[in-house]
Every structure is written in C-alpha cells, then in structure tokens.
Amino acid sequence: MKTSHPVDLNPKRSEEPIWWSLFGAGGTWFAMVTPVTILVLGLLMPLGIIDAEHFSYDRVLAFATRWVGAAFLFLTLALPMWHAMHRVHHGLHDLKFHTGLAGKVICYGFAAFMSALAAIFLLML
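So, a few notes on the structure that sits alongside this text. Quantities reported herein were computed from a predicted structural model and do not represent experimental measurements.

1. A word on the overall build of the chain
Alright, step 1. For the chain, the helix and strand inventory stands at 5 helices and 0 strands.
Alright, step 2. Listed by position from the N terminus, the elements making up the chain come as α-α-α-α-α.
Alright, step 3. Each principal axis of the C-alpha distribution contributes one length, and for the chain these read about 75 × 30 × 30 Å.
Alright, step 4. Here the chain holds 125 residues, and the buried ones make up 22% of them.
Alright, step 5. A separation threshold of at least 6 residues defines the contact pool for the chain, and within that pool the share at least 24 residues apart is 66%.

2. Topic: the packing of aromatic side chains
Alright, step 1. Within the structure shown, the criterion is met by 6 aromatic pairs.
Alright, step 2. Plain terms: the ring middles of tryptophan 19 and tyrosine 108 are 4.1 Å apart, the flat faces sit at 10° to each other, and that makes the pair stacked. Remark: tyrosine 108 occurs in helix α5 (residues 100–124) and tryptophan 19 occurs in helix α1 (residues 16–32); sequence separation between them is 89 residues. Across the pair, exposure class does not vary: tryptophan 19 and tyrosine 108 are buried alike.
Alright, step 3. Seen from their ring centres, phenylalanine 63 and phenylalanine 72 are 6.2 Å apart, and the 65° between their planes marks the pair as edge-to-face.
Alright, step 4. Given the relative accessible area of 38%, phenylalanine 63 is considered partly exposed.
Alright, step 5. Among the aromatic residues, those joined into a ring-pair cluster are Trp19, Trp82 and Tyr108.

3. A word on the environment of methionine 45
Alright, step 1. If you trace the backbone, methionine 45 turns up in the loop between α2 (34–44) and α3 (57–65).
Alright, step 2. The sequence separation of methionine 45 and phenylalanine 55 amounts to 10 residues, and the corresponding C-alpha distance is 8.8 Å.
Alright, step 3. Residues in contact with methionine 45, not counting those within four places in the same chain, are Val40, Ile50, Ala52 and Phe55.

4. Quick look at a nonpolar patch on the surface
Alright, step 1. On the surface, a cluster of nonpolar side chains totalling about 410 Å² of accessible area is made up of Leu39, Leu43, Leu47 and Ile49.
Alright, step 2. You can see isoleucine 49 is positioned in the loop between α2 and α3.

5. Examining the nonpolar core
Alright, step 1. Counting 6 residues, the largest nonpolar core is built from Trp19, Trp82, Met85, Cys107, Tyr108 and Ala111.
Alright, step 2. Elements that contribute at least two residues to this core include exactly α4 (67–94) and α5.
Alright, step 3. With 3 residues, the single largest contributor to this core is α5.
Alright, step 4. Ignoring anything within four residues of it in the chain, the contact list for tryptophan 82 reads Trp19, Leu22, Tyr108, Ala111, Ala112 and Ser115.

Each value, and the rule that gives it
- Residues numbered from 1 in each chain as written.
- Predicted model: local features only at pLDDT ≥ 70, side-chain atom pairs only at ≥ 80, totals over all residues.
- Heavy atoms only, no water.
- Helix = DSSP H or I, 4+ residues; strand = E, 2+ residues; numbered from the N terminus.
- Buried < 20%, exposed > 50% of the residue type's maximum accessible area, 1.4 Å probe, protein only.
- Contact = heavy atoms within 4.5 Å.
- Phe/Tyr/Trp six-rings, centres within 6.5 Å; stacked < 30°, edge-to-face > 60°.
- Patch = residues over 30% accessible without salt bridge, like charges linked within 9 Å, V, L, I, M, F, W, Y side chains within 5 Å.
- Areas by Shrake-Rupley, 256 points an atom, 1.4 Å probe, with all protein chains shown as cover.
- Salt bridge = Lys/Arg side-chain N within 4 Å of Asp/Glu carboxyl O.
- Core = buried A, V, L, I, M, F, W, Y, C linked by side-chain atoms within 4.5 Å.

Below you can see the structure in the form of structure tokens.
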C-alpha cells in the first residue's frame, strides 16, 4: 500500500528546540519577574514604602551566596539574554540580513558568554 505522504524514517535533527526553549523561558522570566523587580527596586524602595535596610549589602550578599538566591540571580541575568539574542537573530532574518551560521554563532555565543560571566561572578561571591 502506497501512502500519499511518505514518512521520513531518518529525519534531519535540528537544534532549534533548544534555542526556542531558551527563548520561551527567557521571555516568560522577563515578563513575570522583571516587572516585579523593577517595581520593588525602582519604585517601592526609593519611595520609602519598603525599607532600604532590607536591601543592605550584607543581606543581598547573604541572599546571593545561597543556592536559591544564586539560581534566582543567574536566571534573572541569563534567561532574558537568551531571549533577546534569539530575537536579534530572527529579527535580522526578518530585516533581510541573512547572516546564516555566523549570525547564529555570534548571537547565541554572546548569550552563552554573558551567561557564563553571570555564573562566574556569582561563584566569585
């Protein structure tokens, strides 16, 4: 029996799910966590609604050196970077700048570099 849509038994593997998952996670993190961070650090603390003593250097350092705090700070720094660089990569394509593999390496390489820097800086604390 011959089907009209043959099944490809050896499909070509793609790395796109990795980039799209980082893009999705970064967008979600940026949409949900960043506004709260800006609200707390940019409005509530300067207006005196939240006591600035809660964000003293010692308390922030204690938060950043615990694994939960370090993970939170790492995700806050790294995930939006992956989201942004994925947008830049595909934005260039939409603007008819077909950068190909070089553009992909530059965009995702920059996101990986910045994520590594964030991890290194957090480990140095």
